[in-house]
Amino acid sequence: MKFSLDKAKKAQAILREKVNLKPLNLENVKFIAGCDLTFTNPYRTPTLGIGAFVVFSYPDLKVVEKVFEVSEVKISYFPGFLAFREVPVLLKAYKKLKIKPDIVIVDGHGIAHPRRLGIATHLGVVLKIPTIGCAKKPLYGVFKNPCEKAGCFEPILDPKTKENIGFVLRTKNKVKPVFISPGNLITLKDSLKVIKSVCRGYRIPEPTRLSHNYLQEVRKMYNSR
């Protein structure tokens, strides 16, 4: 499938106009989800994508639902355009959920993106739900490394405007930090607060950590057929 970067940039510009980083009343949050996606053969196009959501009660983080979807992916990976490859599969998986989460944590970036439209923002705008990007590696922005103690964080700044677009958070003592930025319908401050509240002694927050683990189980089951 031919993928036009120019058309994708125009689509991102349109979606960016719909981004709304507004305060979220966390007292009203009853369910939170993590989502992740993998491929049966990531080095081949087309390939099969496997997307998964795990929904938890909040704030106690009890698993209440798991779903997955397997779908063909015809778009190759292009840096900065990950959403066009992964979001269609995640949307199909999301539709299977009986319990719709109040917040979705995405394994990827939100507004900490060259065009302020990472996969978490893209997904949040399309679904019109609050989303947070929590990535394992930086994509865009300048920052200082936080102290080695769990809970330490530093802002991620846009190198052009110096605007705060996310945070680098140390989730566990002396381990690599994660990179947080709001996706949609949540503020920078609340995004950081939510991620801190769902860490349970691992580098990766529970919603995305357990969605990744579930995804690996599904992939193993699917490949053993």
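Not measured: the values here are computed from a predicted model. (Residues numbered from 1 in each chain as written. Predicted model: local features only at pLDDT ≥ 70, side-chain atom pairs only at ≥ 80, totals over all residues. Heavy atoms only, no water.)

Draft legend 1. Seen up close, the overall build of the protein. Each helix and strand counted, the protein has five helices and eight strands in total. Helices and strands in the protein line up, N terminus first, as α-β-β-β-α-β-α-β-β-β-β-α-α. For 225 residues, the compact-globule formula gives about 17 Å, and the C-alpha radius of gyration of the protein, at 17 Å, lands near that figure. Per-residue burial for the protein yields a buried fraction of 49% across its 225 residues. Relative to all contacts within the protein whose residues are 6 or more apart in sequence, the contacts with residues 24 or more apart total 65%. Of the side chains in the protein, 40 bear a positive and 18 a negative charge, and the two mean positions are spaced by 3 Å. (Helix = DSSP H or I, 4+ residues; strand = E, 2+ residues; numbered from the N terminus. Rg over C-alpha atoms; globule rule 2.2 N^0.38 Å. Buried < 20%, exposed > 50% of the residue type's maximum accessible area, 1.4 Å probe, protein only. Contact = heavy atoms within 4.5 Å. Lys, Arg positive; Asp, Glu negative; His and termini not counted. Charge placed at Lys NZ, Arg CZ, Asp CG, Glu CD.)

Draft legend 2. Here's a closer look at helix H3 (residues 119–127). Among the nine residues that make up H3, seven are buried, leaving the element largely enclosed by the rest of the structure. Looking at the buried side of H3, the elements it contacts are helix H1 (5–16), strand S1 (31–39), helix H2 (82–95), strand S4 (103–106), strand S5 (131–135) and strand S8 (178–184). After H3 finishes, the residue lysine 128 shows a positive phi value of roughly 60 degrees.

Draft legend 3. Examining the packing of aromatic side chains more closely. For the structure on display, the rule yields seven aromatic pairs. Here phenylalanine 81 and phenylalanine 84 contribute two aromatic rings whose centre-to-centre distance is 6.3 Å and whose plane-to-plane angle is 40 degrees, an arrangement assigned as tilted. Across this residue pair, the class does not change: phenylalanine 81 and phenylalanine 84 are buried. Three or more aromatic residues joined by ring pairs form one cluster here, namely Phe3, Phe78, Phe81 and Phe84. A cation over an aromatic ring shows up here: arginine 209 above the ring of tyrosine 202, its NZ or CZ 3.7 Å from the ring centre. (Phe/Tyr/Trp six-rings, centres within 6.5 Å; stacked < 30°, edge-to-face > 60°. Lys NZ or Arg CZ within 6 Å of the ring centre and 35° of its normal.)

Draft legend 4. Spotlight on unusual backbone geometry. Cis rather than trans, the peptide bond between threonine 45 and proline 46 has omega equal to 5 degrees. Notably, leucine 61 is not glycine yet its phi reads approximately 60 degrees, a positive angle. Phi at arginine 116 takes a positive value of approximately 60 degrees, unusual for a residue other than glycine. Here arginine 116 shows up in the loop between S4 and H3.

Draft legend 5. Focus on the pairing of S4. In S4, alternate side chains face the same way, and those of Ile103 and Ile105 on one face and Val104 and Val106 on the other are all buried. Here S1 runs beside S4; their pairing, made up of four bridges, is parallel. Within the sheet, the bridge partner assigned to cysteine 35 lies in S4 and is valine 106. As paired elements, S4 and S5 share three bridges and run parallel to each other. Pairing of valine 106 across the sheet is with glycine 133, part of S5. Once you follow S4 into H3 and on to S5, the crossover reads as right-handed. (Pairing = 2+ DSSP bridges. Right-handed = clockwise from strand over helix to strand, strands pointing away.)

Draft legend 6. Structural context of the environment of lysine 196. Examined against the element boundaries, lysine 196 turns out to sit in helix H4 (residues 188–197). C-alpha of lysine 196 to C-alpha of lysine 98: the two residues are 98 residues apart in sequence and 26 Å apart in space. Setting aside anything within four residues of it in sequence, one finds lysine 196 in contact with Gly151, Phe153 and Leu169.

Draft legend 7. Quick look at the pattern of salt bridges. Under the counting rule described, the total for this entry stands at seven salt bridges. A salt bridge links lysine 74 to glutamate 72, with the shortest nitrogen-to-oxygen separation between them at 3.9 Å. Residue class for lysine 74 comes out partly exposed when judged on its relative accessible area of 43%. The closest approach of N and O atoms between lysine 136 and aspartate 107, which form a salt bridge, is 3.1 Å. Within this pair, whereas lysine 136 is found in the loop between S5 and strand S6 (153–157), its partner aspartate 107 is found in the loop between S4 and H3, the two being separated by 29 residues in sequence. When its relative accessible area of 22% is taken as the criterion, aspartate 107 is described as partly exposed. What emerges from the salt-bridge pattern is a single network uniting Arg116, Asp158 and Glu163. (Salt bridge = Lys/Arg side-chain N within 4 Å of Asp/Glu carboxyl O.)

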